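# Architecture and fold: a report
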There are 2 protein chains.
Amino acid sequence: MNWLDQVKWDEQGLVPVIAQERGSKDVLMFAFMNREALAKTAELGEAVYWSRSRGRLWHKGEESGHIQKVHELRIDCDADVVLLTVEQLGHEPGIACHTGRHSCFFSVLRNGQWQAVDPVLKDPERIYK
Amino acid sequence: MNWLDQVKWDEQGLVPVIAQERGSKDVLMFAFMNREALAKTAELGEAVYWSRSRGRLWHKGEESGHIQKVHELRIDCDADVVLLTVEQLGHEPGIACHTGRHSCFFSVLRNGQWQAVDPVLKDPERIYK
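Looking at an unreviewed UniProt entry, one finds chain A named Phosphoribosyl-AMP cyclohydrolase and attributed to Caldimonas brevitalea. Recorded in UniProt for chain A, the comment headed Function (unreviewed entry) runs: "Catalyzes the hydrolysis of the adenine ring of phosphoribosyl-AMP." In UniProt, chain A has this text filed under Subcellular location (unreviewed entry): "Cytoplasm".

Here it is in structure tokens:
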């Protein structure tokens, strides 16, 4: 059985994907892949997601240069979530978030409020020229 | 504005949640919360998910004893994914997966196949008596 057939795709043919940084083990972002995106990710060794907002494949870093080199693909016990181990390229330290931050998970719940606690490493206007 | 109102709940009133182990930084599992589950998680300091299969709140560890003590709650840039930093209680090393493994992400893609590479730490029949 093909490994792509073993993934439990949702009603929209998507699977949720968590990208975790190699080394730091920081969780960088969360996105979706369809079958083609997952196949391309494995083939290229770079993260290719399915952009729900744009309705097309999204080769992460295609505009920003912030490519994710994939070192490992894992799947969970129910075969319905994928975990990528990635090297976040294009900037040091790596920038995964469109806000110019290292990780998309930069806001912490403190005193009943979500507070942005991680710095912007590069102005988004300079990332997306 | 209440922090719960800032979460972008999906059409079913749910938000995806990633649980990451404090210390090891291993990604342990992925699940969903509704508003009540997220409120209870923050209030109790223990992970309470929404079980889609059972259609009810699921206080993680209620049967297995494998409680997740929550140290931090984060939200992503789009406010539609939650990341928990947890201490996985009830067994040493921690068991988050119903298969008796440390993490639900125990299968790796190798040579075109998903291969279970992490050990079962406790027989599930002994976990769910």
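Continuing now.
## Things to note about the nonpolar core
Counting 75 residues, the largest nonpolar core has Ile18, Tyr49 and Leu84 of chain A together with Ile18, Tyr49 and Leu84 of chain B as its most contacted members. Once residues lying within four places of it in the same chain are set aside, the contact partners of Ile18 of chain A are Val27, Met29, Phe30, Val81, Val82, Leu83 and Leu84 of chain A together with Ile18, Val27, Phe30 and Phe105 of chain B.

## Quick look at the UniProt feature "domain: Phosphoribosyl-AMP cyclohydrolase" (unreviewed entry) in chain A
The UniProt entry lists residues 29–106 of chain A under the feature "domain: Phosphoribosyl-AMP cyclohydrolase" (unreviewed entry), expressed in the numbering used here. Annotation note: span residues 29–106 of chain A, helix share 13%, strand share 37%, distance between end C-alpha atoms 10 Å.

## Focus: the side chain of Gln20 of chain B
Structurally, the position occupied by Gln20 of chain B is in strand E1 (residues 14–21). A polar contact of 2.9 Å, which involves the side chain of Gln20 of chain B, links it to the backbone oxygen of Lys25 of chain A.

## Some remarks on the pattern of salt bridges
Applying the stated criterion across every chain yields a total of twelve salt bridges over all chains. In this structure, Asp26 of chain B engages Lys25 of chain A in a salt bridge whose closest nitrogen and oxygen atoms are separated by 2.4 Å. Of this pair, Asp26 of chain B sits in the loop between E1 and strand E2 (27–34) while Lys25 of chain A sits in the loop between strand E1 (14–21) and strand E2 (27–34), each in a different chain. Each of Glu72 and Arg74 of chain A together with Asp118 of chain B takes part in salt bridges that share partners, so that together they form one network.

## Quick word on the side chain of Glu21 of chain A
Mapped onto the elements of the fold, Glu21 of chain A is located in strand E1. Buried charge without a salt bridge: Glu21 of chain A, with Lys25 of chain B as the nearest opposite-charge side chain at an N-O distance of 7.3 Å. Here His102 of chain A takes part through its side chain, which lies 3.2 Å from a polar atom of the side chain of Glu21 of chain A. For Glu21 of chain A, the residues in contact, after removing those within four places along its chain, are Asp26, Leu28, Val86, Gln88 and His102 of chain A.

## Regarding the interface of chain A and chain B
Between chain A and chain B, the contact holds 36 residues from the first and 36 residues from the second. Interface area for chain A against chain B, summed over the two sides, is near 3,100 Å², with a carbon-plus-sulfur share of 68%. For the chain A face of the interface with chain B, the top three residues by lost area are Arg74, Phe105 and Trp114 of chain A, together amounting to 23%. Counting across the interface, chain A meets chain B through four salt bridges. In this structure, the connection of chain A to chain B is made through 18 residue pairs in polar contact (both at pLDDT 80 or more). Of the residues belonging to the side of chain A that touches chain B, the class tally is 21 nonpolar, eight polar and seven charged. Relative to strand E5 (residues 68–75) of chain B, strand E7 (residues 107–110) of chain A runs antiparallel, the two being bridged by two bridges. Looking at E5 of chain B, one finds that Val108 of chain A is bridged to Arg74 of chain B.

Thresholds applied
Residues numbered from 1 in each chain as written. Chains lettered and ligands numbered in written order. Predicted model: local features only at pLDDT ≥ 70, side-chain atom pairs only at ≥ 80, totals over all residues. Heavy atoms only, no water. UniProt positions renumbered as here; feature names shortened; annotations may be inferred. Core = buried A, V, L, I, M, F, W, Y, C linked by side-chain atoms within 4.5 Å. Buried < 20%, exposed > 50% of the residue type's maximum accessible area, 1.4 Å probe, protein only. Contact = heavy atoms within 4.5 Å. Helix = DSSP H or I, 4+ residues; strand = E, 2+ residues; numbered from the N terminus. Polar contact = N/O pair within 3.5 Å; in protein donor to acceptor, adjacent residues only side chain to side chain. Salt bridge = Lys/Arg side-chain N within 4 Å of Asp/Glu carboxyl O. Lys, Arg positive; Asp, Glu negative; His and termini not counted. Buried area = accessible area lost by both parts, 1.4 Å probe. Nonpolar A, V, L, I, M, F, W, Y, C, P; charged D, E, K, R; others polar. Pairing = 2+ DSSP bridges.

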